[in-house]
Amino acid sequence: LVLGVFGVVFIKETFLEISNDLDQKDFVKIESKKLNESMCTLEVAFYAIFWNDILKRLDLTSHLLQDPKIVLQTAINVLNSLLSFVQEIQNKYEE
């Protein structure tokens, strides 16, 4: 949850910087301002947290699978674990 919130803050700050950047074209500044404002919605916050959890798990799995000393059974277990996680998250999405 905390990482998801910090990610949203970072994205909002970036949009704000772009919208105030005098070197940017007007349409870019306007779009950045709109995107910054949309980051304040509950739906966007939910998606940021939702995707943060998924991407953290994918990153962890990727790092484990890139270990040159990984045993085949461990790789299979890691991938099965990822599959279970994605299925579980998919089922919880409706909630």
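In this text the structure is predicted, and so the values were computed from the model without any measurement. (Residues numbered from 1 in each chain as written. Predicted model: local features only at pLDDT ≥ 70, side-chain atom pairs only at ≥ 80, totals over all residues. Heavy atoms only, no water.)

Caption draft 1: The overall build of the protein, seen in detail. The helix and strand inventory of the protein stands at 4 helices and 0 strands. Put simply, the protein runs from its N terminus to its C terminus through helices and strands in the order α-α-α-α. Counting across all 95 residues of the protein, residues that qualify as buried make up 18%. Once local pairs closer than 6 in sequence are excluded, the contacts in the protein between residues at least 24 apart make up 52%. Carbon and sulfur atoms provide 63% of the accessible area of the protein, an area that totals close to 7500 Å². (Helix = DSSP H or I, 4+ residues; strand = E, 2+ residues; numbered from the N terminus. Buried < 20%, exposed > 50% of the residue type's maximum accessible area, 1.4 Å probe, protein only. Contact = heavy atoms within 4.5 Å. Areas by Shrake-Rupley, 256 points an atom, 1.4 Å probe, with all protein chains shown as cover.)

Caption draft 2: Examining the side chain of asparagine 36 more closely. Summarising the element assignment, asparagine 36 is placed in helix α2 (residues 26–38). On the basis of relative accessible area, asparagine 36 is assigned to the buried category, the value being 12%. Setting aside chain neighbours within four positions, we find asparagine 36 in contact with Lys12, Phe15 and Leu16.

This is a description of form; function is not addressed.
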